[in-house]
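Below are the chains, spelled out letter by letter.
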Amino acid sequence: MRWRIVVFVTALKVLLFPAYRSTDFEVHRNWLAITSSLPLRQWYTNTTSQWTLDYPPLFAWFEWALAQAAWLVDPAMLDVANLGYASDSTILFQRGSVIVSDAALISGAWFATRREPEPRRSLAVFLLVANSGLLLVDHVHFQYNGLLLGILVWSLALVREGRSLAGGVLFAVLLNMKHLFACLAPVYFVHLLRHHCRGPHAMRRFAVLGACVAGVFAVSFGPFVLAGQLRQVLGRLFPFQRGLCHAYWAANVWALYAAADKALAAGLQLLGRPAAAPAANLTGGLVGVSSFAVLPDVSPAAALALVLAALAPCLVRLWRAPDPAGFVHAVAYAAMCSFMAGYHVHEKAALMVTVPLALDAIRSRPAARDWLFLSATAHYALLPLLFTLAEYPIKVLIYGIYTPKA
Ligand SMILES: *[C@@H]1O[C@H](CO)[C@@H](O)[C@H](O)[C@H]1NC(C)=O
């Protein structure tokens, strides 16, 4: 059964090859080109394309590795100046690379569920590898979330089994591939500190853990430090000028805040006292720092404070009772906090909740209920991402077939 699920889902991904691709396709083509044809010190500085490299170094190395295979397929895609290049073989290669990198998710699902009885195990594999949001975002819109979330699933499975050190190191690798996962770091930190670093050898365990994590960061950032590029890398990773709300909003606290602002502005207009600031333009696209008409602007620090406030009860509980069995839930909760109140959140960040939570959903009824509600709403909120008419039936079918299966 499990194999049939994987084969079926993979076949579906192949059928999606000709579907609509977002600008992320060109983003990743450009990253292939940058990492394979420019020297390291230009990876984070070259601006030939507007889609500059803004993921951490280990992801850049992943692109570099892919590019080694891309040479054999169509070297023209690796030319930095070849903006918007999308030959058939390039599409085949890039789409194919997403499918191949999904091996991380599939193997993670295999590993995490290997002790579950059937048919629960097959259900878990289905929930993980056929995630409708992931199919739409990765295999239509175009991204590599299956790879990243697959590493997260591996890490969660290890921590849940009490192998905290391996799980923690894997999480450090993940952080160095996509720093957005930093919102889960407090949960990992408290759990590792309280669960892994205890007993008679607590100090030694802490030192080993610290050395391993530092080693991962050294491998990742070391070459860029040596090339004198650390500032450029960090500047690209943390571009705070991007504004509170992403071009297409995540359905979170700030969407409500922006809606309240619009309503207040309209109300003032009706009363004949229009707000001083121009009407808020929050959907500005590429950059565009948003400004509110009536309500005060929200700084990154204020958003962070709200996230941490929401996360605090969970951290206190982890501190008091670090329980591997509850770890997946804590991580999903942390992802939820940052989705709900974080600064410049993408709607796709909801996948960081629905994918891990599937690991718990097969184990308890309340978790299954949470998972069903969250996946139904979060994946529904992803549908507008694919706005082209041709993809309308596909996205509705993928969403509709997956959601009630739980
Ligand atoms: C980016 O790389 C291209 C191709 O090597 C080069 O022509 C251009 O000058 C570089 N631009 C910057 C800003 O480094």
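Residues numbered from 1 in each chain as written. Predicted model: local features only at pLDDT ≥ 70, side-chain atom pairs only at ≥ 80, totals over all residues. Heavy atoms only, no water.

Looking at an unreviewed UniProt entry, the chain carries the name Alpha-1,3-glucosyltransferase, with the source organism given as Elliptochloris bilobata. If you open the UniProt record of the chain and go to Pathway (unreviewed entry), you find "Protein modification; protein glycosylation." Per UniProt, the chain has the following entry under Subcellular location (unreviewed entry): "Endoplasmic reticulum membrane". (UniProt positions renumbered as here; feature names shortened; annotations may be inferred.)

Student: Hey, could you run me through the packing of aromatic side chains in this one?
Tutor: In total, this model carries 22 aromatic pairs according to the counting rule given. A centroid spacing of 5.8 Å and a plane angle of 55° characterise the contact between tyrosine 380 and tyrosine 399, whose relative ring orientation is tilted. Taken together, the residues span a long stretch of sequence, with tyrosine 380 in helix α17 (residues 365–380) and tyrosine 399 in helix α18 (residues 392–402) at a distance of 19 residues. Residue classification places tyrosine 399 among the buried residues on the basis of a relative accessible area of 16%. Here the aromatic residues Phe25, Trp31, Tyr55, Phe59, Phe62, Phe142 and Tyr144 are joined through ring pairs into a cluster of three or more. A cation over a ring is seen here: arginine 21 above phenylalanine 25, with NZ or CZ 4.9 Å from the ring centre. Over the aromatic face of phenylalanine 111 sits the side chain of arginine 114, whose NZ or CZ is 4.1 Å from the ring centroid. (Phe/Tyr/Trp six-rings, centres within 6.5 Å; stacked < 30°, edge-to-face > 60°. Helix = DSSP H or I, 4+ residues; strand = E, 2+ residues; numbered from the N terminus. Buried < 20%, exposed > 50% of the residue type's maximum accessible area, 1.4 Å probe, protein only. Lys NZ or Arg CZ within 6 Å of the ring centre and 35° of its normal.)

Student: Is there a simple way to explain the packing of helix α2 (residues 24–37) against helix α3 (residues 57–73) in this structure?
Tutor: The axes of two packed helices give the description: the angle between them and the distance between them. Taken N-terminus to C-terminus, the directions of α2 and α3 make an angle of 85°; their axes are 8 Å apart at the nearest point. Our classification of the angle between α2 and α3 gives roughly perpendicular. Residues His28, Trp31, Leu32, Thr35 and Ser36 of α2 form the contact with α3, whose own contacting residues are Phe59, Ala60, Glu63, Trp64, Leu66, Ala67 and Trp71. Here the residues of the contact of α2 with α3 are counted per class, giving eight nonpolar, three polar and one charged. (Axes fitted to C-alpha atoms, helices over the stretch in contact; angles between N-to-C directions. Parallel < 35°, antiparallel > 145°, perpendicular 65-115°, else oblique. Contact = heavy atoms within 4.5 Å. Nonpolar A, V, L, I, M, F, W, Y, C, P; charged D, E, K, R; others polar.)

Student: Sorry if this is basic, but what is going on with the UniProt feature "transmembrane region" (unreviewed entry) in the chain here?
Tutor: The sites that UniProt annotates as "transmembrane region" (unreviewed entry) are residues 123–144, 164–193, 205–226, 301–319 and 326–345. Taken end to end, residues 123–144 has its terminal C-alpha atoms 23 Å apart, with 82% of it in helix and 0% in strand. Annotated as 100% helix and 0% strand, the span residues 205–226 places its first and last C-alpha atoms 30 Å apart.

Student: Whenever I open this one, the environment of aspartate 74 confuses me. Can you help?
Tutor: Within the element layout of this structure, aspartate 74 appears in the loop between α3 and α4 (88–101). Under the relative-accessibility criterion, aspartate 74 is labelled buried at 10%. Apart from residues lying up to four places away in sequence, aspartate 74 is in contact with Tyr85, Ser87, Ser89 and Thr90. Of note is the side chain of aspartate 74, whose polar atom sits 2.7 Å from the side chain of serine 87. (Polar contact = N/O pair within 3.5 Å; in protein donor to acceptor, adjacent residues only side chain to side chain.)

Student: Whenever I open this one, the nonpolar core confuses me. Can you help?
Tutor: What tends to happen in soluble globular proteins is that the nonpolar side chains get buried as a cluster. In terms of nonpolar packing, the biggest core is built from 108 residues, with Phe59, Phe181, Leu184, Val187 and Tyr188 touching the most fellow members. If we skip the residues at most four places from it in the chain, valine 187 touches Leu311, Cys314, Leu315, Leu318, Phe327, Ala330, Val331 and Ala334. Membership of the second largest hydrophobic core comes to six residues, among which are Phe339, Val345, Ala349 and Ala350. (Core = buried A, V, L, I, M, F, W, Y, C linked by side-chain atoms within 4.5 Å.)

Student: Help me understand the site of the ligand, please; the structure alone is not making it clear to me.
Tutor: Taken together, Leu38, Gln42, Asn46, Thr47 and Thr48 are the residues near the ligand. Here the ligand has 360 Å² of accessible area as a free molecule, and 43% of this is covered by the chains. Among the residues forming the shell around the ligand, the class breakdown is one nonpolar, four polar and no charged. (Near = heavy atom within 4 Å. Areas by Shrake-Rupley, 256 points an atom, 1.4 Å probe, with all protein chains shown as cover.)

Student: Can you walk me through the UniProt feature "signal peptide" (unreviewed entry) in the chain in this structure?
Tutor: In the numbering used here, UniProt assigns the feature "signal peptide" (unreviewed entry) to residues 1–21. Along residues 1–21, the helical share is 67% and the strand share 0%, with 31 Å between the first and last C-alpha atoms.

Student: I'm lost on the environment of serine 36 in this one. Help?
Tutor: Along the chain, serine 36 falls in helix α2. By relative accessible area, which is 18% here, serine 36 ends up buried. Separated by 198 residues in the primary sequence, serine 36 and leucine 234 have C-alpha atoms spaced 21 Å apart. Leaving out residues up to four positions away in the same chain, serine 36 has contacts with Trp64, Ala67, Trp71 and Leu78. A polar side-chain atom of serine 36 sits 2.7 Å from the main-chain carbonyl oxygen of leucine 32.

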